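# Chain and residue survey
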Amino acid sequence: MTINEPVFAAMLILALVAVGEIISVLTRARVPMLLVAILGFLILVWTGIFPKNIVETSSFNGIGVLLTGPLVVHLGTLIPFSMMSKQYKAVIISLGGALIALVLVLPIITLLFGYETAVAGMGPIVGGIVAFLVTSAELKELGFESLVAIPALVLAIHKLFGMPVASIFLRKYALFLRDETDLLERHKQTAATIETTLKHSTTITMKKKKYEFNTANVLLFKLFLGASIATVIGSVTGVSSTIWCLVIGVLGARVKFYDENIMDKAKASSIAILGTIFIVIASMSTVSLKQFLHFIPQILAIIVLGQIGIILGGYLFSKLTKWHPYKGMSLALTAMFGFPADYILCQEVSRSVGRTDEEQQILLNELSPPMLIAGFTTVTVASVIIASILVKTL
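Residues numbered from 1 in each chain as written. Predicted model: local features only at pLDDT ≥ 70, side-chain atom pairs only at ≥ 80, totals over all residues. Heavy atoms only, no water.

### Remarks on the environment of Glu-116
Quick reminder of the rule: Working definition: helices are DSSP H or I runs of at least four residues, strands are E runs of at least two. Numbering for both runs from the N terminus. Exposed residues in this analysis have more than 50% of their type's maximum accessible area, buried residues have under 20%, and partly exposed residues fall in between, with area computed by a 1.4 Å probe over protein chains only.
Position of Glu-116 relative to the elements: it lies in helix α7 (residues 115-125). Under the relative-accessibility criterion, Glu-116 is labelled partly exposed at 31%. Sequence separation of Glu-116 and Leu-106 is ten residues, and the distance between their C-alpha atoms is 9.9 Å.

### Some thoughts on the pattern of salt bridges
Note the cut-off: Each reported salt bridge corresponds to a side-chain nitrogen of Lys or Arg within 4 Å of a carboxyl oxygen of Asp or Glu.
Per the stated rule, a full pass over the model turns up three salt bridges. Glu-21 is paired through a salt bridge with Arg-351; the nearest N and O atoms lie 3.0 Å apart. Of the two residues, Glu-21 sits in helix α1 (residues 6-26) while Arg-351 sits in helix α19 (residues 341-353), which places them 330 residues apart along the sequence. Under the relative-accessibility criterion, Glu-21 is labelled partly exposed at 29%. Residue Arg-351 is classed as partly exposed on the basis of its relative accessible area, which comes to 31%. A salt bridge links Glu-359 to Arg-355; the shortest N-O distance between them is 2.8 Å. Among the residues examined, Arg-355 registers a relative accessible area of 54% and is labelled exposed.

### Observations concerning the packing of aromatic side chains
To keep it simple, the criterion reads: The criterion for an aromatic pair is that two Phe, Tyr or Trp rings (for Trp, the six-membered ring) have centres within 6.5 Å, with stacked assigned to planes under 30 degrees apart, edge-to-face to planes over 60 apart and tilted to the rest.
This model, assessed by the stated rule, comprises four aromatic pairs. Ring geometry for Phe-169 versus Tyr-326: centroids 6.0 Å apart, planes at 25 degrees, classification stacked. Of this pair, Phe-169 sits in helix α9 (residues 149-180) while Tyr-326 sits in helix α18 (residues 325-333), and the two are 157 residues apart along the sequence. Given a relative accessible area of 13%, Phe-169 falls into the buried group. Residue class for Tyr-326 comes out partly exposed when judged on its relative accessible area of 30%. Plain terms: the ring middles of Phe-257 and Tyr-258 are 4.9 Å apart, the flat faces sit at 65 degrees to each other, and that makes the pair edge-to-face. Exposure remark for Tyr-258: the relative accessible area of 2% places this residue in the buried category.

### Details of the packing of helix α6 (residues 88-113) against helix α17 (residues 296-321)
As a reminder of what qualifies: Axis definition: a line fit to C-alpha positions, over the contact stretch in the case of helices; interaxial angles, taken between N-to-C directions, run 0 to 180 degrees. By convention, the crossing between two helices is left-handed when the near helix turns anticlockwise from the far helix through less than a right angle, and right-handed when the turn is clockwise. Each residue is assigned to one class: nonpolar for Ala, Val, Leu, Ile, Met, Phe, Trp, Tyr, Cys and Pro, charged for Asp, Glu, Lys and Arg, and polar for all the others, Gly among them.
Direction vectors running N to C along α6 and α17 enclose 145 degrees, while the axes themselves pass 7 Å from each other. Crossing angle aside, the handedness with which α6 passes α17 is right-handed. Classifying every residue of the contact of α6 with α17 by side-chain character gives 17 nonpolar, nine polar and one charged.

### Focus on the packing of α1 against helix α2 (residues 33-46)
Condition: Each angle receives one of four descriptions, namely roughly parallel if under 35 degrees, roughly antiparallel if over 145, roughly perpendicular if within 65 to 115, and oblique otherwise. Residue contacts are defined here by distance: any two heavy atoms, one from each residue, within 4.5 Å place the two residues in contact.
Running from amino to carboxyl end, α1 crosses α2 at an angle of 140 degrees, the nearest separation of the two axes being 7 Å. Compared by their axis directions, α1 and α2 come out oblique. Crossing of α1 over α2 shows right-handed handedness. Where α1 approaches α2, its residues Ile-13, Leu-16, Val-17, Val-19, Gly-20, Glu-21, Ile-23 and Ser-24 are matched on the opposing element by Met-33, Val-36, Ala-37, Gly-40, Phe-41 and Leu-44. The residue inventory of the contact of α1 with α2, partitioned by class, reads ten nonpolar, three polar and one charged.

From the geometry alone we can't say anything about function, so treat these as descriptive.
See the structure below:
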């Protein structure tokens, strides 16, 4: 058996994830699982123990690519429509964090390293791969090929800075919810809201009980149908299909086309989340030690200043919207890692803070909707707008 065997390659990456999971449990989510897995992967690749293409060899990231859309549709079913409409503050806070980061990074990095370097790193620092693609394509077209490594490295590395800090803030907020508020009462209120929305479809529900067609295969078909529709809408509108997946999940649950926790009922959520973890790890494979060392002053300056700006913006706009600062700063920091890391952090924190299964589920229901909304806002809308505008000024 060699490392070129898909099953062996998948086992080695899963070993990193398992070690990260154990460390996360032992540290009560103070050290995120994904951070451990990514750092371990980088060290093993840089030392030559792992080949760069080990994730591709495992074929597991292909599962992640395939299941990301259905997974986001599933996450939409977890967010009641009434709750979704209340998440406008998450959008304001996440955009505020990106704005303050822009105000802080652009002038200081321009003064230290030049305007081109500041523009090269600004888009990815508050967003994901789409902002990187926009920035890198424009840099190549304008003749700044040597700077393309900057957005690539920022995209690959900034999550290492964002996740630990967001985990700390999110855990502090979860502890506040657990110890300073009545979790059970909050849960009852949410459940009552959901129950009210279900009363309009009593007849349909009774028919479903009589003829139960929602087998695992049918549920998976529904998820893939939603993801396919979202892909088509995304290609037509230019708005990320990920956002449309979330919208379709929310609306589908609203009209009872989707069951709540539909992917869990299809017995596929664990594999889907693992697949997305493999995608995140694979994104680090292009970062060489030589590249990292050459651009380390610029990269560290952009990331540190960006993170300070994001945290400051999250704090200020939390005060403005009257949300808890720990919650707001966690939301703003999703700009530095996005999906699926935002949802994984919510899972880890809920598991570590909740003392019972019920508390864990209530905390997850409280933490995940605003974190997901903030993450989608920053890594799509905010970062793409910023990247598109800035590169036009070069």
